Amino acid sequence: MTVSELYKSVAQLGFEDSLEDDDRFIFAVNRALLQVNAIRPVTSAYVINHKPMENKVQESSFTPIEKFEDLYFEASDVKSYYFEADGNGTMYVEKYDEELEAWVKIGMVNLSADKVFMPYRGFIKEDGIFVGDRVRLHFTGDYLYSVRNVAMYEYLYSRSEADIPSYEAYTRYDISALVPDFLSLNSPPIKEEAEYQYLNQGYDVEGGRIILLPHDAKGLYKVIYKRKPQAVINHGEAADDMTVLDLDEDLCALLPILVASFVWVDDEPEKAQYYLAIYQERAIDIERRIVSATPVPIKNSNGW
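These numbers come from a predicted model, not from an experiment.

## Description of the overall build of the chain
Looking only at helices and strands, the chain has six helices and 16 strands in total. Here the C-alpha atoms of the chain give a radius of gyration of 29 Å, more than 25% beyond the 19 Å that 2.2 N^0.38 yields for 304 residues. In terms of its C-alpha atoms, the chain occupies a principal-axis envelope of roughly 95 × 60 × 35 Å. For the chain, the share of sequence-separated contacts (at least 6 apart) that also reach a separation of at least 24 residues comes to 74%. Carbon and sulfur atoms make up 48% of the accessible area of the chain, which amounts to about 17900 Å² in all. The centroid of the 30 positive side-chain charges in the chain is displaced by 4 Å from the centroid of its 52 negative side-chain charges.

## Quick look at the environment of Val 263
Mapped onto the fold, Val 263 is located in helix 5 (residues 255-263). Along the backbone, Val 263 and Ser 44 are 219 residues apart, and their C-alpha atoms lie at a distance of 31 Å. Not counting residues up to four positions away in its chain, the partners in contact with Val 263 are Val 10, Arg 24 and Ala 28.

## Some points on the pairing of strand 6 (residues 102-111)
Note: strand 5 (residues 89-97) against strand 6, nine bridges, orientation antiparallel. Bridge pairing in strand 6 links Met 91 to Val 109. Where strand 5 folds back on strand 6, the antiparallel hairpin that results is connected by four residues, among which Glu 101 adopts a positive phi of roughly 55°.

## Remarks on the pairing of strand 4 (residues 80-85)
Here strand 4 lies mainly inside the structure; six of its six residues are buried. By the alternation rule, side chains of strand 4 split into Ser 80, Tyr 82 and Glu 84 and Tyr 81, Phe 83 and Ala 85, which are all buried. As paired elements, strand 4 and strand 7 (residues 118-123) share six bridges and run antiparallel to each other. Bridging from a neighbouring strand, Tyr 81 pairs with Gly 122 of strand 7. Bridge analysis of strand 4 against strand 11 (residues 146-153) gives five bridges, and the strand direction is antiparallel. Within strand 11, the residue paired with Ser 80 across the bridge is Tyr 153.

## Describing the packing of aromatic side chains
Inspection of every chain in the model, using the stated rule, returns 11 aromatic pairs. Aromatic pair Tyr 7 and Phe 25: ring centres 5.2 Å apart, planes at 85°, arrangement edge-to-face. Taken together, the residues Tyr 7 in helix 1 (residues 3-13) and Phe 25 in helix 2 (residues 22-37) connect sequence positions 18 residues apart. Take Phe 25: its relative accessible area is 1%, and that puts it in the buried class. Ring pairs connect the aromatic residues Phe 73, Tyr 81, Phe 83, Tyr 120 and Phe 139, which therefore count as one cluster. The ring centre of Tyr 96 lies 4.4 Å from the NZ or CZ of Arg 134, which sits over that ring. We note Lys 271 situated over the ring of Trp 264; from NZ or CZ to the ring centre the distance is 5.1 Å.

## Section: the nonpolar core
Counting 36 residues, the largest nonpolar core has Leu 6, Val 10, Phe 25, Val 36, Leu 245, Leu 255 and Val 259 as the members making the most contacts within it. Of all the secondary-structure elements, those providing two or more residues to this core are helix 1, helix 2, helix 4 (249-252), helix 5 and helix 6 (269-293). Contacts of Val 36, omitting those with residues within four sequence positions, involve Leu 247, Leu 251, Leu 254, Leu 255, Leu 258 and Tyr 279. Within the second largest apolar cluster, 23 residues are counted, among which are Ala 85, Leu 111, Phe 139 and Met 152.

## Considering the confidence of the model for the chain
For the chain, mean pLDDT is 90; residues scoring 70 or higher make up 93% of the total. In the model of the chain, helix 6 stands out as the element of lowest mean pLDDT, 88, in contrast to strand 4, which has the highest, 98. Contacts for the low-pLDDT stretch residues 296-304, under 50 throughout, to residues beyond four places or in other chains number two contacts.

Criteria and thresholds
- Residues numbered from 1 in each chain as written.
- Predicted model: local features only at pLDDT ≥ 70, side-chain atom pairs only at ≥ 80, totals over all residues.
- Heavy atoms only, no water.
- Helix = DSSP H or I, 4+ residues; strand = E, 2+ residues; numbered from the N terminus.
- Rg over C-alpha atoms; globule rule 2.2 N^0.38 Å.
- Contact = heavy atoms within 4.5 Å.
- Areas by Shrake-Rupley, 256 points an atom, 1.4 Å probe, with all protein chains shown as cover.
- Lys, Arg positive; Asp, Glu negative; His and termini not counted.
- Charge placed at Lys NZ, Arg CZ, Asp CG, Glu CD.
- Pairing = 2+ DSSP bridges.
- Buried < 20%, exposed > 50% of the residue type's maximum accessible area, 1.4 Å probe, protein only.
- Phe/Tyr/Trp six-rings, centres within 6.5 Å; stacked < 30°, edge-to-face > 60°.
- Lys NZ or Arg CZ within 6 Å of the ring centre and 35° of its normal.
- Core = buried A, V, L, I, M, F, W, Y, C linked by side-chain atoms within 4.5 Å.
- pLDDT = per-residue confidence, 0-100.

Below, the structure written as structure tokens:
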């Protein structure tokens with residue numbers, strides 16, 4: 001169904017050849033598209049390439065570690081660091097000097113946080129040049145604080161410190177920010193297919209839009225989401241607009257009566273209520289057919 005066809009159908013339901021206000025019509029169409037689409041949402045997919053950068057620090061620090069006394073985290077051939085701390089103190093970047101057989105300070109970060117974990121990141125350089133030897137992060141200070149998510153990385157994404165990745169137990173992927181037509185996540189959101197990794201547990205969903213993947217679960221993941229139908233834009237002459245509506249044809253059949261109920265809700269409320277009642281009856285009928293057509297999994301006595 002095109003916008004023009006819908007326009008003419010709505011006008012005829014009002015026993016008119018045209019509508020007075022194109023803006024009002026377009027607004028009603030976009031509202032109706034979302035409502036009708038909810039009966040049988042169209043799904044789409046987004047592929048996550050989950051490949052967190054390898055942490056060269058061997059000690060696990062996802063659980064906070066309290067600094068009762070100085071803490072040390074060592075690695076070799078690394079170019080950057082990331083960690084989080086929740087108090088006041090000092091972190092020294094140190095390299096091991098083979099000739100002196102001692103650790104030498106090459107950088108320092110003042111820690112300042114009020115019992116809330118604050119992220120810190122930076123490059124591991126001496127006089128502007130990457131060290132490339134044994135290095136360590138040395139946490140010290142006069143006060144008690146905690147450190148978590150300590151990481152040192154061999155590789156870089158760019159010359160910007162802002163691109164040094166966070167080190168977390170879970171990586172967050174906000175699907176609503178990654179796709180322009182996001183409506184909601186499917187249930188379950190991660191689809192099982194041969195060429196993609198599959199998780200049926202161990203991941204989490206936040207706010208109905210963010211997928212949290214475990215740090216160690218590297219791979220490609222196909223995330224299924226329900227997408228919004230493409231909105232209709234007012235080009236000035238809705239009666240001549242040949243844009244095809246982004247909705248299956250059987251659902252498009254519901255649009256004229258629903259749009260009509262929206263268009264006349266102020267001027268002719270009885271007529272609007274009449275068309276809304278018809279829409280609700282037809283929508284329920286389609287929903288029943290969808291439920292009856294959904295296959296029911298059956299297991300035999302052996303559990304298959």
